[in-house]
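# Summary of structural features
Each chain, written out:
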Amino acid sequence: MGLNIGGVVEKVNGHELSYSTFVEKYLSKNEPVVITGFMDDWRACRDWVFDDGRPNLQFISSNFGDSKVQVADCGSREFTEQKRFEMSVSEFIDQWLEFSLLEHGNHPPSKLKGKTLLYLKDWHFVKEYPEYTAYTTPLFFLDDWLNLYLDHYHMHEDPDTNQKRDDLRCSDYRFVYMGAKGTWTPFHADVFRSYSWSANVCGKKQWYFLSPGQRHLVFDRNMKSSVYDIFEEVSETIFPNFKKTIWLECTQDQNEIIFVPSGWFHQVHNLWDLLLGDYKEATEYIEDVKDICDDFEGLCQRNLAANTGMNFYDFFNFMVRFSFANILQLCHLAGSSAFAKWRSSCKAQHFIFNLESTKDIAIKMKFTCLSEIHNFSLDFRSILEEPAFLELCFQLERTGAFIHDQHAPIDNTKKYSMDDLVDLGFCNLFSTVVCNPEDLVILIDRTLQNLIILPWERSRMAGVNEIEFPASL
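Note that the structure is a prediction, hence the values are computed from the model and not measured.

A tally of helices and strands in the protein chain yields 15 helices and 13 strands. The buried share of the protein chain, reckoned over its 473 residues, is 47%. In the protein chain, of all internal contacts separated by at least 6 residues, the share reaching a separation of at least 24 is 75%. Carbon together with sulfur atoms contributes 51% to the accessible area of the protein chain, which is approximately 24,300 Å² in total.

This is the structure:
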């Protein structure tokens, strides 16, 4: 069954595209785009590729060959994925070269029997080799909530679901993929149904996109399983609507970046919706033990963390800390400005949008078991004393400054301390405690009302005005 190709993905020069235009045309509209011009000075493009465009596999093997990585067998299916196993990077490259020699030599088919195409996937290269700066994140993709958080915090707080602290598999979502011509990935959506970007250091890659509005067309009648390979003969009995799909296609060349859109404007919306769906499945799967289980909800959350990578409590911790960090950014903008113009600045609007997005998610979270959390509280004073939180704040500040004020120097003397916030007039913030999603909604509402809507001006001559925050929610 051939695919119905309805169009091609647009290709643009990144240097001719502003951040606001990218957000307006592609991110908010959820449209894929190929971007050129951002990879010219990448170290990976120098070290990992020969001048003639061939991959410098020897360099990669010599410098990073001891790394243990996940490798997919492109010819072997295991449930809804390709069969995976672990090997070292040097072993993977040796097999790649061996297969390539056999394939291009005058060898009988029997020599190729038992040999298969291998695809290296999900290599946490950045986390494993932080001193080797393989690439520079393009401006358009710097506002990366999840990776910013995971750079400073481990996702799982529950020791029953916590993996080893040095385990790279859950440390971030920055991956390297490597594979010879003919390697492929089964039909899928990206991790957490988020948007992503993919840079091609070497070779070409063919993409086929299906819009979110057509998602139901590639699932079976029960919306449980989807098509595995869109180029196989797809069963009309199992997938009766697949023939209705309309696809976009594009060829991604060397030194080009492709923006892979999600079903939603911002990734955290997708993450919460994904968690809800996976939670429902996890609950239904063990429904038969509900009456005999002392802590059925706890079991569901442990299963959710194991299967999805986080559970409701992990996600709530992430949302609260990220909200506190954005509130701090607004406090510094408001407290250090003598005019009301700061409210309409791009940086202020950026942090306001982050808080409004978080509030939308917190409202959804109110109608789950999170509304009845026991023995859970995150207070601002304690979090402000966490070194990891201070680093998160600095990184968030750098991100906002780079995106919206690229030519202004970053204030490396800025403090995120209690004394500093007292000087700025925000001491009431210290007593803020968040215990559930309702508290988070109230905190964000009051923050935006006090900092943005009310005609408050800070006057150094008249003394410090204090902004009222909820003392104990």
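Take the confidence of the model for the protein chain next. Looking at the protein chain, the pLDDT average stands at 82 and 80% of residues meet or exceed 70. Residue range residues 263-269 is modelled with pLDDT below 50. Its contacts to residues more than four positions away, or to other chains, number 29 contacts. Contacts of residues 454-473 to residues separated by more than four positions or lying in other chains number 58 contacts, the stretch itself having pLDDT below 50.

A few words now on the packing of aromatic side chains. Under the defined criterion, the tally for this structure stands at 39 aromatic pairs. Note on Phe187 and Trp247: the rings are 5.8 Å apart at their centroids and 75° apart in plane angle, and the pair reads as edge-to-face. Here Phe187, found in the loop between strand S7 (176-179) and strand S8 (196-200), pairs with Trp247, found in strand S10 (residues 247-252); they are 60 residues apart in sequence, far enough to count as distant. Given the relative accessible area of 24%, Phe187 is considered partly exposed. One aromatic cluster in this structure is built from Phe22, Tyr26, Phe38, Trp42, Tyr135, Phe140, Phe141, Tyr195, Trp197 and Phe259. The ring of Tyr228 has Arg77 sitting right over it, with the charged end atom 4.1 Å from the ring centre.

On to the nonpolar core, then. Phe315, Leu330 and Phe389 are the most contacted members of the largest nonpolar core, which totals 57 residues. Sorting the residues of this core by element identifies helix H7 (145-150), helix H8 (267-285), helix H9 (296-308), helix H10 (312-335), helix H11 (346-365), helix H12 (380-384), helix H13 (387-404) and helix H15 (437-453) as the ones contributing at least two each. Sorting elements by how many residues they give to this core places H10 first, with 15 residues. With residues near it in sequence (within four places) discarded, Leu330 still touches Trp342, Ala348, Phe351, Ile352, Leu355, Leu448 and Leu451. Met39, Leu57, Val176 and Met178 belong to the second largest nonpolar core, which has 50 residues in total.

This brings us to the sheet that holds strand S4 (residues 68-78). Here four strands make up an open sheet; going across it, the order is S5-S4-S6-S7 and the pairing antiparallel. Single-partner strands in this sheet number two, and they are strand S5 (81-88) and S7. Here the strands of the sheet are splayed against their neighbours by 30° on average, with no regard to which way each runs. Here S4 runs beside strand S6 (residues 118-123); their pairing, made up of four bridges, is antiparallel. For Gln70, the partnering residue across the bridge sits in S6 and is Lys121.

What follows deals with the sheet that holds strand S2 (residues 11-13). Within a sheet, each strand pairs with its neighbour through backbone hydrogen bonds, oriented either parallel or antiparallel. With mixed pairing, four strands are arranged side by side in an open sheet as S2-S3-S11-S8. For this open sheet the edge positions go to S2 and S8, each flanked by a neighbour on one side alone. Averaged over neighbouring strand pairs, the angle between their axes works out to 25° when direction is ignored. Judged from the four bridges that link them, strand S3 (residues 33-36) and strand S11 (residues 256-260) form a sheet pairing that is antiparallel.

Reading the values: the criteria
- Residues numbered from 1 in each chain as written.
- Predicted model: local features only at pLDDT ≥ 70, side-chain atom pairs only at ≥ 80, totals over all residues.
- Heavy atoms only, no water.
- Helix = DSSP H or I, 4+ residues; strand = E, 2+ residues; numbered from the N terminus.
- Buried < 20%, exposed > 50% of the residue type's maximum accessible area, 1.4 Å probe, protein only.
- Contact = heavy atoms within 4.5 Å.
- Areas by Shrake-Rupley, 256 points an atom, 1.4 Å probe, with all protein chains shown as cover.
- pLDDT = per-residue confidence, 0-100.
- Phe/Tyr/Trp six-rings, centres within 6.5 Å; stacked < 30°, edge-to-face > 60°.
- Lys NZ or Arg CZ within 6 Å of the ring centre and 35° of its normal.
- Core = buried A, V, L, I, M, F, W, Y, C linked by side-chain atoms within 4.5 Å.
- Pairing = 2+ DSSP bridges.
- Axes fitted to C-alpha atoms, helices over the stretch in contact; angles between N-to-C directions.

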